[in-house]
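# Commentary on secondary and tertiary structure
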Amino acid sequence: MFTLSWCVWAQSTGTVTGSVTDPNGAAIVGARIRIENPLTGFERELLSEADGSFSIVNLAFANYVVQIEAPGFVPARKEISLRTNVPLTMVVSLRIAENIQSVEVRAFDIGALVQPEATGTQTALDASTIGKFPTQAGSRGLESVLVSLPGFAMNANGAIHPRGAHNQMTYVIDGMPISDQLTGAFANSVDPSIIENIDLFTGNVPAEYGNKVSGVANITTRSGLGSGRKFSASTQVGAAGFDTLTQLTQIAGGTDRFGYFVSANAVKTHRYLDQVSLDNLHNGGNSERMFSRFDINLGPRDLLRANLMAGRSSFELANLRSQQAAGQDQRQVLRDFSASLGWVHTLSPRATLDSTASYRTTVAQLFPSAGDTPVTAAQARHLSNISLAGRFNFVSGPHTVRAGGDYLHFPVSENFSFGITDPSFNRPGAPGFIPTLLAHDLSRGGRLFHFSGRDSGNMYTGFAQDMLKWSRFTLSLGLRYDAYRFLVHGRQLQPRVGLAYHITETGTVLRASYNRTYQTPPNENLLLSNSDASSVLVPPDVRETLGGALIRIRPERQNVYEAGLQQSVAGRASISAAYYHKDSRDMQDNDNFFNTGIIFPTALQRSRVNGAEMRAVAPVWKGLSGTLSMTHYHAVVTPPFTGGLFLGSAAIDLLSSGPFVIDHDQTLGMHGMVQYNWKKGFWTTWSIRHDSGLVSNPSDPVEVARNPDYADLLPYVNLTSNPPRVNPRTVYDFAVGYEATREGRKRWDAQFNLFNLTNQTALFNFQSIFVGTRLIEPRSAGLKVRWHW
């Protein structure tokens, strides 16, 4: 027998507490409590205390199955839903078993494999699954995990495109929002080893999330609070292809009142970025990352959480053959530091207040060299974010209410210079000659172009949302208001509504939603791209088409429609599918500055995206589990450009063209993974990734064949198709590992990875005016060994 109630102990994630008794109300000591989420692979076990009580903390918001067993009693099982940090208490009374026997139940009720309260596409992953991914050992971080989920197209250097957007991702790490472009080339990514759970929203994004919401990854990090161990630690070392060396050290521990988790890792490799030619020239780098989390339970009503995160990377920018021959030696350094403080206060058994204050700063530096060709460039960019967030949470009957406000302050400084070094790059009289660049042609006596700017902006937000459950229906009602104050001023009221209907007899959930979103411009090089000083670089033809030299980038406004369903299959699998349509004004994208590490934000008049996606999950059954994600979307953009910096002649062609398919359009992306766990500690994971190919630049095959930098890449791109695309690719990865345990605890583990098993040669993109040319990683192997104590 189960009784559910709300208790007065809370934290920033979900909490389940309770007690286990016999039919007479006496406490059962040592009852085994197992809570699991079959869709993510999450599982945690603990024993009840001397008074029959138990507490499970740091749970991501999701649906769970709780099973409680004790010798001589009939096992009890209950499905629960955690959607708020107002904690849940379970009072469990076990019945005496007439025939004492061990019961092992692994099949799930059909309702356990669906999310009846999710009114849009929501996908989750657990640390137990992430840790066994066969991923690359270089600079890749969280993005290599997210791309296995539906809704993403995979691009170079870890870039991922959520549902037809260039980036527009927000990462919320224990309440701290990060909207930086987290790829290997432009910012230090998040280390997957610090993650307890990822909850990804791509459809019907809750009203509390804003800024960049094509995808929102809500991340719960690991915590030592309530772990049952005052100290534990592990050290991992690894080696892989391209002279890659890795190291990871983590410590954790705590009590019911205090918990800590600290992680530090380092990577050194000779393939830091995705290479720009078959030769992998000038591509070494290293990175170091640190994360720590501290939880302090101040009493029955208050909990504090403090996070610190820092990273540094230093790497070479990959060279083309001509650049290598000229002695180009450009290098880039990225640094970041983040700190956040969270507080949760319990007002009553049904209401809490939580707040988060955070600070994040990032620095990007590009260093030129004497051999730079065809241009030389230098950069020093500094971006900071100071955010304050407050939330009120209330549970009453069928209502789960969350309301609050945010304040964001973001100072920005940018320093940039460039000059042309190759006399053939912008030769006077040649087709595509840009006269405005002649003053900065160093090969013809010109001088460097210099830009230096500093400014700061603010964003003010208020929102309210309610999840209302009635019979088989779940209705989510949300309203958000954003006021944006930076280089342009804007505001937007954003309704976000969704409906789900649960057919319990068949394990089916039907969903539909509508979102209005307001996506602010990326701050990386935004001052440069919107400055009067940079307008001197704008080609005359672009000036004439735009009616001027400068249009400031405005926030992107979107209407997003989605319909989908989720189906449980015989208690053994779950299948989700969704169709969506997005129409946008002032669609945001980026332009890459001649294969350097500098990106410039741009905007185009409007876009429309139609897409469909599917995910199938087979939970663990006799040691075997698997997932399959499939993504299709078609992204069409209509010019003209409505903001940004345009240096090349290709921009002129696009300004005068009609609607075109943008470079991150892809017909099909598929990621499948199968994992098998032996009882004796061995496990293996096989994955397959198929991409039908992104859109490439419409280059002339004859001209490409004459260019020694690109001629040998012609077999891997179809320049005669409409639109041109890189060729399809299918990549197989493999991992095998062993976990040695003693007395129920890990002692050491080892993992062997083999990436690109068939050694396929393929392109991410080809001569794209937005991202240039990049190749996937050739076959490489890696080994990691970790010791626990």
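Keep in mind that this is a model prediction, so the values were computed, not measured. (Residues numbered from 1 in each chain as written. Predicted model: local features only at pLDDT ≥ 70, side-chain atom pairs only at ≥ 80, totals over all residues. Heavy atoms only, no water.)

### Overview of the confidence of the model for the chain
Per-residue confidence for the chain averages 89 on the pLDDT scale, and 93% of its residues sit at or above 70. Predicted confidence for residues 2–11 stays below pLDDT 50, and this span has 53 contacts to residues more than four positions away or in other chains. This stretch, residues 102–106, has a pLDDT under 50; its non-local contacts, to residues over four places away or in other chains, come to ten contacts. (pLDDT = per-residue confidence, 0-100. Contact = heavy atoms within 4.5 Å.)

### Let's talk about the environment of A705
Looking at the element boundaries, A705 is found in helix α7 (residues 701–706). Aside from chain neighbours lying at most four places away, what touches A705 is A711 and L714. (Helix = DSSP H or I, 4+ residues; strand = E, 2+ residues; numbered from the N terminus.)

### Some details on the pairing of strand β26 (residues 473–485)
The two faces of a sheet get side chains in turn, since along a regular strand they alternate between them. Alignment of strand β25 (residues 449–470) against β26, held across 13 bridges, turns out to be antiparallel. Residue pairing in the sheet places L468 in a bridge with L475 of β26. Connecting β25 to the next strand, β26, in antiparallel fashion are two residues, including S471 with a positive phi near 55 degrees. One ladder, built from 13 bridges, connects β26 with strand β27 (residues 489–503); its direction is antiparallel. Bridged to L477 within β27 is V497. A loop of three residues connects β26 with β27, the two strands running antiparallel in sequence. (Pairing = 2+ DSSP bridges.)

### A look at the nonpolar core
Counting 33 residues, the largest nonpolar core has F416, F418, F449, Y484, F486 and L528 as the members making the most contacts within it. Every element with two or more residues in this core is listed here: β22 (351–367), β23 (375–396), β24 (399–420), β25, α4 (526–529) and β31 (599–621). Counting residues per element, this core draws most heavily on β24, which supplies six residues. In this structure, Y484 is in contact with F410, N458, M459, H489, G490, Y518, T520, P521, L526 and P555, ignoring residues within four places of it in sequence. By size, the runner-up hydrophobic cluster in this structure holds 29 residues, among which are M169, V190, L200 and A217. (Core = buried A, V, L, I, M, F, W, Y, C linked by side-chain atoms within 4.5 Å. Buried < 20%, exposed > 50% of the residue type's maximum accessible area, 1.4 Å probe, protein only.)

### Considering the sheet that holds strand β3 (residues 32–37)
Across the sheet, four strands lie side by side as β4-β3-β6-β7; this open sheet has antiparallel pairing. Single-partner strands in this sheet number two, and they are β4 (42–47) and β7 (76–82). Going across the sheet, the axis of each strand differs from the next one's by a mean of 20 degrees, ignoring polarity. Pairing between strand β6 (residues 62–69) and β7: seven bridges, direction antiparallel. Counted as the bridge partner of Q67 is R77 from β7. (Axes fitted to C-alpha atoms, helices over the stretch in contact; angles between N-to-C directions.)

### Let's talk about a nonpolar patch on the surface
On the surface, a cluster of nonpolar side chains totalling about 700 Å² of accessible area is made up of F258, M290, F294, I296, L298, L308, F337, Y359 and I386. Per element, the largest residue contribution to the nonpolar patch is three residues, and it comes from strand β19 (residues 285–297). By secondary structure assignment, the location of L298 is in the loop between β19 and β20 (302–316). (Patch = residues over 30% accessible without salt bridge, like charges linked within 9 Å, V, L, I, M, F, W, Y side chains within 5 Å. Areas by Shrake-Rupley, 256 points an atom, 1.4 Å probe, with all protein chains shown as cover. Salt bridge = Lys/Arg side-chain N within 4 Å of Asp/Glu carboxyl O.)

### Side note on the pattern of salt bridges
This model, assessed by the stated rule, comprises 33 salt bridges. Across the pair E36 and R34 runs a salt bridge whose closest N-O atoms are separated by 3.5 Å. Comparing E36 with R34, the two get one shared label, buried. The closest approach of N and O atoms between D665 and R725, which form a salt bridge, is 2.5 Å. Here D665, found in the loop between β33 (660–661) and β34 (666–677), pairs with R725, found in strand β37 (residues 725–726); they are 60 residues apart in sequence, far enough to count as distant. A relative accessible area of 16% places R725 in the buried class. Connected through salt bridges with shared partners, the residues E208, D354, R391, R402 and D406 form a single ionic network.

### Quick look at the sheet that holds strand β12 (residues 169–173)
The five strands are arranged β9-β14-β15-β12-β13 in an open sheet whose pairing can be described as mixed. The outermost strands of the open sheet, each flanked by one partner alone, are β9 (122–126) and β13 (176–178). Going across the sheet, the axis of each strand differs from the next one's by a mean of 20 degrees, ignoring polarity.

### Considering the packing of aromatic side chains
To describe a pair of aromatic rings, you give the distance between the ring centres and the angle between the ring planes. Overall, the coordinates contain 21 aromatic pairs when judged by the stated rule. Note on W470 and F473: the rings are 5.9 Å apart at their centroids and 15 degrees apart in plane angle, and the pair reads as stacked. Overall, W470 belongs to the exposed group, its relative accessible area being 60%. For F473, a relative accessible area of 31% gives the class partly exposed. Among the aromatic residues, those joined into a ring-pair cluster are F416, F418, F449 and F600. Over the aromatic face of Y580 sits the side chain of R163, whose NZ or CZ is 4.0 Å from the ring centroid. When the ring centre of F242 is taken as origin, the NZ or CZ atom of R271, which lies over that ring, is 6.0 Å away. (Phe/Tyr/Trp six-rings, centres within 6.5 Å; stacked < 30°, edge-to-face > 60°. Lys NZ or Arg CZ within 6 Å of the ring centre and 35° of its normal.)

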